[in-house]
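Chain and residue survey
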Amino acid sequence: MSIQVRDQVFSLTTNDSLYQMKVDQYGILNHTWYGPKTEMDMSYIEDYPEISFSANLWDTEKSRMYSLNDRLLEYPCGGISDFREPALLLRVPDGSSSLDLRYYSYEILEGKYSIEKLPASFDRDHKTQTLKITLKDTVYDIFVDLLYGIFEEENVITRSVTIRNMTPFEIQVKKAVSASLDLPESDYEVIHFHGRHAMERLAERTSLSHGTFSIGSRRGQSSHQHNPGIILAKNNTNETSGEAYGMLLVYSGGFEADIEKDQLDQIRATIGLRSENFRWQLKPCEHFCAPEAILSYSEKGLGVLSNQYHDFIRSHLIRSSFVHQKRPILINNWEATYFDFNGEKLLSIAKSAHELGIELFVLDDGWFGERHNDDSSLGDWFVNEKKLQMPLRQLVEKIHALGMQFGLWIEPEMVSENSKLYRDHPNWVLRSPLRDPARSRYQLVLDMANPEVVDYLEQVFTKLIEENEIDYIKWDMNRSISDFYAPSLSPKTQSEMAHRYMLGVYDLADRLTSRFENILFEGCAGGGGRFDAGMLYYFPQYWCSDDTDAHNRCFIQHGTSFFYPISATGSHVSAIPNHQTGRNTSLYTRGIVAMAGTFGYELDLSELSPKEKEEVKEQIKVYKSMQELVLEGDYYRLSDPNQQNVSAWSFVSKDKKKIIVQAVVFEHKPNMKKPHVFLQGLDENRWYRRKEDGHLFTGKALMKAGLFLPDQLGTDEACMIELEQIDSKNREAQ
Ligand code: DGJ
């Protein structure tokens, strides 16, 4: 049983972790443990002397030994003497913002809870149990349900929270994080993923000082700048050893993650919806559901933690039937033509792609309205037949006739000022009543909080997809939200807008992906601006970054891999000099880097030399032969590109029999030592043969002494080494 309840101690166990809570003598739910499994009540670690200036609950009477400000709490609220970051802040009509939540009841439910209107993990195998602990305020009939999904084999605990207003009056939710995690020690560093457009999810590891370390987004999207996930790693934790905790939010809008080191050197980490300008009105009998957070713990380093997330996301979060399928190798015309194309040009790209073995042709931005550059026509999702020189249907048929699939780019949430849609519905745009909205890439944002807009978009895209036999959709989103005002909402509910926007996006994504189950959807937001667990629920893959430069991609893909599986990471070979950086890298290097993802091309293939075309053919053959391993195997980071002169990673099959190591050396320096990497995840007692020359190594040697990369690697040159486990008995014969 993964949930045990004894003497008001709640123990949630996974294969390698224990998560424990205890109701104390005052009915407060304490968080007593998250870490390696122990068989005992861990509440003894909460042993506090009297701490001055820590207020005491009224019920403790004359005792000054018990204070909420010191204790490890499961879901802390403000206003009743815990002075640290609160998880929940409400306001009731008398103006008071204090809440005093005490234990009320619990329930164990078979199966995994779901969250209405929000993406959440699931368990198709019905192995998961849900624990629901209900807390109630001591004065008001306000109930808080804490939900826990326990995924034993995956070492994952999911969390969500529902706030129920059973008072006779309206209350306001000002903050409701999805998870709060109190840890008794402070020797942690935080790993978070920051960046900017075309340089997303760069891993940064930083130590914690007293006070609060905070990341988040106020852009109405999870953002290029900060990804909604944090890792707390013990100071000595590395890829292969040490303790680490992950907290990943299943949400694509504004968020905040705060890590506070308190006066007693304890840690509180919270993650959830952005609370700035947030206020959700709850009428009597209404409830509010916070998005899900996915927690995972590893005692064996960051590599294991990442693989726990990868497996979990693949098996329990991405709901698309494509998740475990091989993906078609695609050619996208964006970097090949930008807006400058016609039907003939597209067909010539498709034909050359087909000849090389590419399976899916994707028509990107510019096929609709009068969109000849980025300043018009978003919202006018009518095919520009003049530009295509034929109806879209005919183009699709021609591509299908080549034996290829056809994919199309859309950007549902946006509208250009210069569009029929905007002229017809100026009130469908986010803007405050007396102010002109900010433009970004010349575009405005549709009011996705308005169900009429969502209905309209559903109908437009349903028709488009059905009439044209589309096989793949790229759903883009090319600006941050700046004007948080939805004309469809009353002045009083404007502070719900940011979340209602996301609910509208999820609703549309749900309707389209449910209706078109056989269509492969790829998410995109100016590259990876909304690459998060919320979007992955609907879209099995996501365009990782608009930066297609192989060198920079090493950093972007390295950071992305901490939480997100390779099968979700869109990666393409593009032209040189690279359009974003001007850098020249070999076709081989570009191929190797793109192979660490859902593989494709994004350049005018007809411009390649015959030799390069042969190389592309070979790349496709190689990728196809390793695709299953890439998409389903374990993934290990073998270097830290921020610290080393090499970016290296490996794929290891679940049975540890097949290994592929890929690497890029950043700078060739004269007389440098041959770079070498320490492999991970092998069977240390088995023998492995390097395919290229038959050299035999033990798993232990490869992991402890390492594997040399070829020494002739020049600047930004890549290599790939394949190894396979051999039957030890036959070692002599090998
Ligand atoms: C941003 C995307 O990331 C690109 O791949 C491309 O689709 C453009 N938008 C089109 O406008």
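Residues numbered from 1 in each chain as written. Predicted model: local features only at pLDDT ≥ 70, side-chain atom pairs only at ≥ 80, totals over all residues. Heavy atoms only, no water.

1. Brief notes about the overall build of the protein
For the protein, the count of helices and strands is 13 helices and 38 strands. Relative to the compact-globule value of 27 Å for 734 residues, the protein shows a C-alpha radius of gyration of 27 Å, a close match. Over its C-alpha atoms, taken along the principal directions, the protein stretches across nearly 85 × 75 × 45 Å. A total of 734 residues make up the protein; the buried ones form 62% of that total. Of the accessible surface of the protein, which amounts to about 27,800 Å², a share of 47% is contributed by carbon and sulfur atoms. (Helix = DSSP H or I, 4+ residues; strand = E, 2+ residues; numbered from the N terminus. Rg over C-alpha atoms; globule rule 2.2 N^0.38 Å. Buried < 20%, exposed > 50% of the residue type's maximum accessible area, 1.4 Å probe, protein only. Areas by Shrake-Rupley, 256 points an atom, 1.4 Å probe, with all protein chains shown as cover.)

2. Description of the sheet that holds strand E26 (residues 472-475)
In space, the 8 strands of this closed barrel follow the order E21-E22-E23-E26-E27-E28-E29-E30, with parallel pairing throughout. When the angles between neighbouring strand axes are averaged without regard to direction, this sheet yields 30°. Note: strand E29 (residues 569-574) against strand E30 (residues 598-602), 5 bridges, orientation parallel. The partner of His-572 across the bridge, within E30, is Gly-600. Across the sheet, helix H11 (residues 587-595) lies against E29 and E30, angled at about 170° from E29, the strand it touches most. Helix-sheet contacts for helix H12 (residues 610-632) involve E29 and E30, and the interaxial angle to E30 is about 155°. (Pairing = 2+ DSSP bridges. Axes fitted to C-alpha atoms, helices over the stretch in contact; angles between N-to-C directions. Contact = heavy atoms within 4.5 Å.)

3. Considering the site of the ligand
In the region of the ligand, 13 residues are neighbours, and Asp-364, Asp-365, Lys-474, Asp-476 and Asp-546 sit closest. A distance of 2.8 Å separates an oxygen atom of the ligand from a polar side-chain atom of Lys-474. For the ligand, whose free accessible area comes to 290 Å², the fraction covered by protein is 98%. (Near = heavy atom within 4 Å. Polar contact = N/O pair within 3.5 Å; in protein donor to acceptor, adjacent residues only side chain to side chain.)

4. Re the packing of helix H3 (residues 343-356) against helix H5 (residues 392-402)
How two helices pack is summed up by the angle between their axes together with the distance between the axes. Two elements in contact, H3 and H5, have axes whose closest approach is 10 Å; the angle formed by their N-to-C orientations is 15°. Between H3 and H5, the angle is such that the two are roughly parallel. Regarding H3 and H5, the two cross each other, and that crossing is right-handed. Here H3 contributes Gly-343, Leu-346, Leu-347, Ala-350, Lys-351 and His-354 to the contact with H5, which in turn contributes Leu-395, Lys-398, Ile-399 and Leu-402. Its residues placed into classes, the contact of H3 with H5 shows 6 nonpolar, 2 polar and 2 charged. (Parallel < 35°, antiparallel > 145°, perpendicular 65-115°, else oblique. Left-handed = near helix turned anticlockwise from the far one by under 90°. Nonpolar A, V, L, I, M, F, W, Y, C, P; charged D, E, K, R; others polar.)

5. Things to note about the domain arrangement of the protein
Once the domains are mapped, the protein shows domain 1 (3-39 + 65-316), domain 2 (327-632) and domain 3 (646-733). For domain 1 versus domain 2, the distance between C-alpha centres works out to 33 Å. In this assembly, 49 residues from domain 1 lie in contact with 47 residues from domain 2. Counting each side, the surface lost to burial between domain 1 and domain 2 is near 3,800 Å², with a carbon and sulfur contribution of 59%. When the buried area of domain 1 at its contact with domain 2 is split by residue, Arg-201, Trp-280 and Arg-314 rank highest and sum to 17% of it. (Domains from an automatic or database assignment. Buried area = accessible area lost by both parts, 1.4 Å probe.)

6. With respect to the packing of helix H7 (residues 451-468) against helix H8 (residues 497-515)
H8 packs onto H7 with a crossing angle of 25° between their chain directions and a minimal axis gap of 10 Å. In terms of orientation, H7 and H8 fall into the roughly parallel class. H7 and H8 meet at a crossing whose hand is right-handed. Between H7, through Val-454, Asp-455, Leu-457, Glu-458, Phe-461, Thr-462 and Glu-466, and H8, the contact on the second element is made entirely by Gly-504, Asp-507, Leu-508, Arg-511, Leu-512 and Arg-515. When its residues are assigned to classes, the contact of H7 with H8 shows 5 nonpolar, 2 polar and 6 charged.

7. Some remarks on the state of the cysteines
Cysteine pairs can be linked by a disulfide, which is a covalent bond between their two sulfur atoms. All told, the structure shown has 0 disulfides when counted by the stated rule. Summary of cysteine pairing: Cys-77 is not part of a disulfide, and the nearest cysteine sulfur, belonging to Cys-289, is at 17 Å. Take Cys-77: its relative accessible area is 8%, and that puts it in the buried class. No disulfide involves Cys-554; its sulfur sits 11 Å from that of Cys-719, the nearest cysteine. (Disulfide = S-S within 2.5 Å.)

8. Looking at the nonpolar core
Formed by 198 residues in total, the largest nonpolar core has its most connected members in Ile-163, Leu-363, Tyr-501 and Tyr-601. In terms of residue count, the dominant contributor to this core is H8 (9 residues). With near-sequence residues (within four places) excluded, Ile-163 lies in contact with Leu-88, Leu-90, Ile-142, Phe-143, Val-144, Val-173, Ala-176, Leu-282, Glu-286, His-287 and Phe-288. Grouped together as the second largest cluster of nonpolar side chains are 22 residues, Tyr-636, Val-652, Leu-682 and Leu-707 included. (Core = buried A, V, L, I, M, F, W, Y, C linked by side-chain atoms within 4.5 Å.)

9. Here we look at the sheet that holds strand E33 (residues 658-665)
Strands sit in the order E31-E32-E33-E38-E35-E36 across an open sheet of 6 strands; the sheet is antiparallel. Two strands bound the open sheet, and with one partner strand each, they are strand E31 (634-637) and strand E36 (696-698). Taken over all neighbouring pairs, the strand axes of this sheet differ in orientation by 25° on average, direction set aside. Pairing geometry for strand E35 (residues 687-690) and strand E38 (residues 717-726), over 4 bridges, is antiparallel. If you follow Arg-689 over to E38, its bridge partner there is Glu-724.

10. Observations concerning the pairing of strand E12 (residues 199-207)
With 7 bridges joining them, strand E11 (residues 188-196) and E12 adopt antiparallel strand pairing. In the sheet register, His-194 faces E12, and the bridge partner there is Leu-202. If you look at the hairpin formed by E11 and E12, you'll find 2 residues sitting between the two strands, and Ala-198 has a positive phi there, around 65°.

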